[in-house]
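Results of the structural survey
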Amino acid sequence: MGTEAAQGRARLEVALDSRLPELLAEVRDLLADGMPEYAAFLDHNPRGMREAAELFIHRLLDMAEHGRSVSRDDHLEGAQTIQLVFEQIGRRQWQAGEDLTRLLTAYQLGARTAWRHVSDTALALEVRPDVLAALAEAVFDFINQLSSASARGYVLEQREDASARERSREELAELLLSDRSSMNAIREAAARANWPLPETGAVVLVDATTDVARRVLSHVDAGSLPVRHEQLSGAIVPDPGPSSRRDQLRRALRGTNAVVGHTVPLEYLPRSVAIAQIAVRLKQQGILADDPVFVDEHLDTIIVHRDERLVGFLRDQLLAPLDDLPAGARARLIETLSAWLRHMGDRTAIAEELHIHPQTVRYRVAQLRERFGDQLDSPRSRARLFLALVWPVR
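Scope of this entry: the structure provided in the associated data block.

Rules used throughout
Sequence order as written defines the numbering, with residues in each chain counted from 1. For this predicted model, a pLDDT threshold of at least 70 governs which residues receive local features, and a threshold of 80 or more governs which side-chain atom pairs are given and counted, while totals over whole chains, interfaces and linings are taken from all residues. As a rule here, side-chain values cover all heavy atoms of the structure and leave hydrogens and water aside. In DSSP terms, a helix is any run of H or I states spanning at least four residues, a strand is any run of E spanning at least two, and both are numbered starting from the N terminus. The criterion used for residue contact is that any of the two residues' heavy atoms lie within 4.5 Å. Only protein chains enter the calculation, and the probe is 1.4 Å; a residue is then buried if its accessible area is under 20% of its type maximum, exposed if over 50%, and partly exposed in between. The arc under discussion is defined with respect to the helix axis, by the directions toward the C-beta atoms. Any carboxyl oxygen of Asp or Glu that lies within 4 Å of a side-chain nitrogen of Lys or Arg is treated as forming a salt bridge with it.

We now examine the environment of A15. Positionally, A15 belongs in helix α1 (residues 3-34). Those residues in contact with A15 that lie beyond four places of it in its chain are T121 and L125.

Below is the structure:
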């Protein structure tokens, strides 16, 4: 830079510095009408704003002198500081729950005010037209940089906040499904996750090995908690008890092959999820066919099938009187006995179901009575036979 140019820059910098109080006051008054919180920020931070404005003037003159490339040189004095400060402003905007657009609008208002003061000062000092043009470009290029820095901070804080909230919600779901969690720990976790604790809840589960697991949360309301429990995924749905909520869930989850646990107080959710897991297994086996399955509509089937080995043992024990028969004959008598239990001995109904003559039904029932004796007349024995024979074919 030549001596004359250096002197010209020095005069312009001094003149602009002298106008900073007036510039800041004008910006403050303009903000007071539509954005009072920003005006208050200027009032409460006069020294910091004066230092920032001085840095702005110095940076502006650098950009006007050296061109736009200087705006991307992080090694220049103050460049990183400015970027970090305005990125932090964007972060605070998100933390305060404010819209980014309002902040960027305030920047543009400040830019127009700054340019008016800069241009008035430059014209009074009779700077060359090319210098004036460079100053104009520098003002708005610089404001764009500040806007970009704040927008980047806003988005980063938004992402980090969303990630932290999601982790808190997952941790809360784990506590709710653990039978070792205290209500104090659950309340503290709910506060961190910003999740109002409901009176009751239900667990929605899907098979984690299917694509449905990645989509199921989009089918339930935003107030649900994500669940990743052992090999299952899904959600904890708050207060799903009313019939209208059940209908809503039924519509939202149709086609997902989900299982909806029964509605219970929160402290019983660990037991509820264990039952829902049994229902998931039964659905995979084709025993439960609803879509979605509501556990409380199938508690009888779930109770019977919670341990298949026990049902098998019971069946083997009760059907022992038929063990000496050939396989075909044994199968026909078991089929007849199952129908006899379902239709409470009505031969016509049994014959229609099995597509055989009523006389054949009579003959087979006589064979069953010969082998089972008084068991067919005992309410308890009939109940046990019904449990062993009729439920597995549902």
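On we go.
Bringing helix α7 (residues 183-193) into the picture now. Listed as buried for α7 are I186, A189, A190 and A193. When α7 is viewed along its axis, its buried side chains cluster within an angular range of 105° and face the same direction. Facing away from the buried surface of α7 by more than 90 degrees, the exposed residues are E188, A191 and R192. Tucked into the core, α7 has its buried residues touching α6 (129-176). Once α7 ends, the next one or two residues include N194, with phi positive near 55°.

Turning our attention to the pattern of salt bridges. Counted according to the given criterion, the structure contains 14 salt bridges. With a closest N to O distance of 3.1 Å, R128 and D130 form a salt bridge. With relative accessibility at 46%, the residue D130 sits in the partly exposed group. Residue R342 is joined to E353 by a salt bridge in which the shortest nitrogen-to-oxygen separation is 2.4 Å. Taken together, the residues span a long stretch of sequence, with R342 in helix α13 (residues 327-342) and E353 in helix α14 (residues 347-354) at a distance of 11 residues. A relative accessible area of 32% places R342 in the partly exposed class. Several salt bridges converge on common partners, so that one network encompasses R246, R250, D296 and E297.

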